[in-house]
Each structure stands twice: as C-alpha cells, then as structure tokens.
Amino acid sequence: MILPDLITDAQTTEERFLRHIFVRDQMAEWSRSPLVMAKADGVHYWDVHGKRYLDALSGIYVVSVGHNNRRVLDAIREQFETLTFSPSMHGTNPVAVQLATLLAELAPGDLDAVKFQCGGAEVTEAAIKLARQYHKLTGNPGKYKVISRYLSWHGSTLGALSASGLKSRKTVNEPLAPGFLHVFPPTCYRCPFGKSYPDCGVTCATLVESVIEMEDPATVAAVMVEPIGHTGGIIDPPPEYLPILRDLCDRHNVLLIFDEIITGAGRTGHLFAAETFGVTPDVLCTAKGLSGGYAPLSAMICRRGIADAFWGPVAENPGFVEGHTFEGNPISCAAGIAVLREILERDLCGNARAQGERLRRGFEALAKKYGVIGDVRGKGLFQGVEFVRDTNTKEPFPAEVGFGVRVGRRALANGLLCRFDPNWLAFGPPLVVTAEQLDEMLAVLDRSLGEALESLRT
Ligand SMILES: Cc1ncc(COP(=O)(O)O)c(C=O)c1O
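An account of the accompanying structure is given in this report. (Residues numbered from 1 in each chain as written. Predicted model: local features only at pLDDT ≥ 70, side-chain atom pairs only at ≥ 80, totals over all residues. Heavy atoms only, no water.)

## Notes on the overall build of the protein chain
Next, step 1: Along the backbone of the protein chain there are 16 helices and 15 strands.
Next, step 2: Computed over C-alpha atoms, the radius of gyration of the protein chain comes to 22 Å, within 12% of the 23 Å expected from 2.2 N^0.38 for 458 residues, which places it in the range of a compact globule.
Next, step 3: Referenced to the eigenvectors of the C-alpha coordinate spread, the extents of the protein chain come out at roughly 70 × 60 × 45 Å.
Next, step 4: Residues counted as buried form 54% of the 458 residues belonging to the protein chain.
Next, step 5: Roughly 20400 Å² of accessible area belongs to the protein chain as shown, and the carbon and sulfur atoms make up 55% of that amount.
Next, step 6: Looking at the protein chain, you have 46 positive and 53 negative side-chain charges, and the mean spots of the two groups are 4 Å apart. (Helix = DSSP H or I, 4+ residues; strand = E, 2+ residues; numbered from the N terminus. Rg over C-alpha atoms; globule rule 2.2 N^0.38 Å. Buried < 20%, exposed > 50% of the residue type's maximum accessible area, 1.4 Å probe, protein only. Areas by Shrake-Rupley, 256 points an atom, 1.4 Å probe, with all protein chains shown as cover. Lys, Arg positive; Asp, Glu negative; His and termini not counted. Charge placed at Lys NZ, Arg CZ, Asp CG, Glu CD.)

## Some remarks on helix α14 (residues 348–370)
Next, step 1: Taking 1.5 Å as the rise per residue, α14 with 23 residues should run 33 Å; its terminal C-alpha atoms sit 32 Å apart, in good agreement.
Next, step 2: Those residues of α14 lying buried are Leu348, Cys349, Gly350, Asn351, Ala352, Gln355, Gly356, Leu359, Gly362, Phe363, Leu366 and Ala367.
Next, step 3: Here the buried face of α14 lies against α13 (330–345), β11 (373–379), β12 (382–387), β15 (424–427) and α16 (435–457).
Next, step 4: Taken from the residues just after α14, glycine 371 is the one with a positive phi, measuring 65 degrees. (Expected span 1.5 Å × (residues − 1). Contact = heavy atoms within 4.5 Å.)

## Regarding a nonpolar patch on the surface
Next, step 1: A contiguous nonpolar patch, built from Tyr150, Leu151 and Phe184 and spanning about 270 Å² of accessible area, is present on the exposed surface.
Next, step 2: Among the structural elements, leucine 151 can be located in the loop between β5 (145–149) and α7 (158–163).
Next, step 3: Given a relative accessible area of 35%, leucine 151 falls into the partly exposed group. (Patch = residues over 30% accessible without salt bridge, like charges linked within 9 Å, V, L, I, M, F, W, Y side chains within 5 Å. Salt bridge = Lys/Arg side-chain N within 4 Å of Asp/Glu carboxyl O.)

## As for α16
Next, step 1: Its 23 residues give α16 an end-to-end C-alpha distance of 34 Å, which sits within 8% of 33 Å, the value for a rise of 1.5 Å per residue.
Next, step 2: Taken as a whole, α16 has its buried residues at Ala435, Leu438, Met441, Leu442, Val444, Leu445, Asp446, Ser448, Leu449, Ala452 and Leu453.

## Details of the site of the ligand
Next, step 1: The full set of residues close to the ligand is Gly119, Gly120, Ala121, Trp153, His154, Gly155, Glu226, Asp259, Ile261, Ile262 and Lys288.
Next, step 2: Aspartate 259 places a side-chain nitrogen or oxygen 2.7 Å from a nitrogen atom of the ligand.
Next, step 3: Here lysine 288 contributes a side-chain N or O atom positioned 3.0 Å from an oxygen atom of the ligand.
Next, step 4: Contact with the protein chains hides 80% of the accessible area of the ligand, taken as 390 Å² for the molecule alone.
Next, step 5: For the shell around the ligand, the class distribution of residues is 4 nonpolar, 4 polar and 3 charged. (Near = heavy atom within 4 Å. Polar contact = N/O pair within 3.5 Å; in protein donor to acceptor, adjacent residues only side chain to side chain. Nonpolar A, V, L, I, M, F, W, Y, C, P; charged D, E, K, R; others polar.)

## Some points on the packing of aromatic side chains
Next, step 1: Summed over the entire model, instances satisfying the criterion amount to 8 aromatic pairs.
Next, step 2: Seen in terms of ring centroids, phenylalanine 85 and phenylalanine 326 are 5.8 Å apart; in terms of plane orientation they differ by 75 degrees. Their pairing is edge-to-face. You can see phenylalanine 85 sitting in the loop between α4 (70–82) and α5 (94–106) and its partner phenylalanine 326 sitting in the loop between α12 (304–308) and α13, a full 241 residues away along the chain.
Next, step 3: Judged by centre distance (5.3 Å) and plane angle (65 degrees), the ring pair of phenylalanine 363 and phenylalanine 427 falls under edge-to-face. Residue phenylalanine 363 is located in helix α14, and its partner phenylalanine 427 is located in strand β15; the two are separated by 64 residues in the primary sequence.
Next, step 4: Look at phenylalanine 427 and you get buried, because its relative accessible area is 0%.
Next, step 5: Here the aromatic cluster, defined as three or more aromatic residues joined through ring pairs, consists of Tyr150, Phe184 and Phe193.
Next, step 6: Of note, arginine 169 hangs over the ring of tryptophan 153, and the distance from its end group to the ring centre comes to 4.5 Å.
Next, step 7: Sitting over the face of the ring of tyrosine 189, lysine 394 holds its NZ or CZ atom 4.4 Å from the ring centroid. (Phe/Tyr/Trp six-rings, centres within 6.5 Å; stacked < 30°, edge-to-face > 60°. Lys NZ or Arg CZ within 6 Å of the ring centre and 35° of its normal.)

Keep in mind that these numbers describe shape and distance, not what the molecule does.
Now the structure itself:
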C-alpha cells in the first residue's frame, strides 16, 4: 500500500499518481504539464517544483483578501478551539447567525435573510427552489419556469447546470431538467440582434418581457443573471440592462435572482455588483470571495418579504425545504466574518476601484501595442479582453489557433495565473493587490502576448 507520506510533493505531478484523480481540465492534455500548487502567500503561489506564480485570478476569483491572511487564519484557529460543526438538521450556531446578521446589514435594500451553503451551485440552485416554493406559498403554484442566459454559468449540479447556458458543459450531461429557458446575454461587442448600443433600445433586456409573455407570466418563477457574465468572456451590460430586468420582473411577479458568486465580496468595487449597478434583486447568491478560500462558504440572501412567506404556522407552510449537511458550518462562517471585516476595514472595495482603473489602462495599452484586442470589458478587479485578428472587422482568430489559450499558456509558463479561453482572457487578482503588483502582472501578460504572436509566425 502507498501511504500519502511516501509520495513526495514533486511526485504528485507524475502521471502514475495523477491517474488517481480527476481535475476540471481534460486529463490527458493537462497531465502533460500539470499545475499542482504547494503553497501561497499574498498574491503569489508556488507550485510543487518551487516555481512562483503571480496570482492574477485569486485562485479562481476566490482569494479576495490574499493568501495567508493573518486575520482570517487567526479567526479560523480560534473557531477551531470552540466549535467545528453544529447539527445543521436541527439548528444552527452563533457564528452563522452573526454572519447572517452582518450580511443582512451589508446587502443592499431589504435583502436580509440568508441561507448558507458551501459552494456556488448549491446557492444558485437554492435560489431556484426558493422562487418556486415562494410562488407556491403565495398563491401562484403554476410559476415554475426559470429564464436565464446563454453563455452563463451557474454551477455543476443538475438544477444549476440546467439554468446555465454554456453548451460545452451542458451537452455532455443532457437531458437536463425541464422548466429552464434561455435568452441572449448583453454581448454588445457582438450584438446577437445586429444592433449597436445605445440605438439598440437594449433589445436584449426588453425581449425578456416578450419571452415572459409568450411563455405565460403565470408559469414564470424567476429570471436569473450574473450582473457581469463570466464564461461568455466578461459580459458587462450597459447601464440600462439590469434596471429594465428589475422593472419587467416587478410587473410580472417574477423574482429577479443575481448570481454574484464571482461579483460579490467587493470584486466590482462595491461589496455587491447590485450596488455597482444600482439594482436590488429579490435574491442574491454569493460565494467564492466571501470566505476568501479559507473554507467553503456560499450564501443566498433574499428580501424580507420573500423570507416572511416561509414563516407562519406549520399547518400552512413547511418552511424553506432545502438543505445540505455542511450549511452554516462554523469554521466557514468564522472565515466569512473575518473576510468581510478585512474588506470593510481596509476599504478593499476602494482598492478594487482604484486598481481596477489601473488594470483598465493597462489592458488598453496592450490593445494599442499589439492590435489584437478588440474590446476591454468588466468592472473593478474583474476585467477581461477579447482577442480578434482584425480590430476593424472584429474577425476572431481561427478556432484552430486558439489565440487566448496560447497567451494564457505562455503566461503560465512565465509565472502568471489568469483566466483564458480561445477568444478572451481575464484578470481577477486579490482585492489586496497593490499598484506595483498589478503592474508586474500586466508586464508578464505583455511579454506573454508578444510570445503568443511570435508563435503564430513560426
Ligand atoms: C457565476 C458563477 N456562478 C456559479 C458558480 C458555481 O460555483 P461552484 O463552482 O462553487 O459551485 C460559478 C463557479 O465558477 C460561477 O462562476
């Protein structure tokens, strides 16, 4: 038998051991140059071979307050001494109530009742169930359909996956759940309706009302969107988009759900993107940066009026029928409280805004220098670029070139972790990033872009 301590860190990149584990990437491809991280500090990772990486992605938009953050580590250590698990089937614990109260205080408008879980999919799925159960409890049992968007990602569980609009992750798992419809997202750079903002009348938003009407409003429970879409290549809507959704949802008694799994916890320059856009949803889901990666934590926050529907005599309603074993875990909640304290007391939202402007300028300079960036999108420390072969015609690079992947792989080789796809690349560094660190990240990207272009010539 091979005991873990008989395998050295370096050996964990050998295929004979990697054969025992699934990762998110295609295994055969990934195992040719496997990334196995050994330690981290601040905005840096080190892999098992001792190579250092600048973390321009916060792991994957998770490490909001930086790696090895003293305040969070101390809070978790203290919590370990007191209570590590409470009976989630029968109750909760003081730290969960404290974090719920804090979130209720911090979330915009009357968003003030919280359901905790461990991951993003668990809360986007909980939001869908909340919408359906809410309508049942309030006399509209026929409202069950969920409208979400193509190119979106709400998570891997079957309900969240059914709401997602990313065919590369869906098709292999079909058939998915019934009752999910998709509309086109606000991809202004390539408008699906062939229009141009602002003369377009924001058709991508107004059309959602037509979909609700065609489906029959009596059957529609919720509209779920990421305020800034991620997987479609940082889809940043025009300012009117979310207010229009808010208005049409109100008029048809449809709940508006924001998936802020990435955009929450300060990433767009305010604690929630709901504030960045000035629109309060009925349900807000957040995760990733909320616990900064120190323990698994996600939260679904709903408006007072919705939560109230779940109170009342048991003969009339069974409460919110949804739950997982580890919800409201005290260690995770202690991490969440410490992370929020860190964000608030160090004004990391302000830093996200300031460094976000620097990041925007950096991306724009690269666009000018190389002529292969057609669009720069996003807000705060959640921004990306779309690569094109021709900035005038917006013609993309041929699929077989996979230009964004070339750049991203060069960046990894050069010691920079960022998010990349065939046609786009994004940065989402920890909110604690300094101007100097951001410049260093941009410099490595600059070099990697140059090398990727050079590779096209050889
Ligand atoms: C916008 C968004 N929603 C939901 C999820 C699902 O979160 P998790 O992977 O924690 O289940 C993700 C994960 O990347 C995401 O980016």
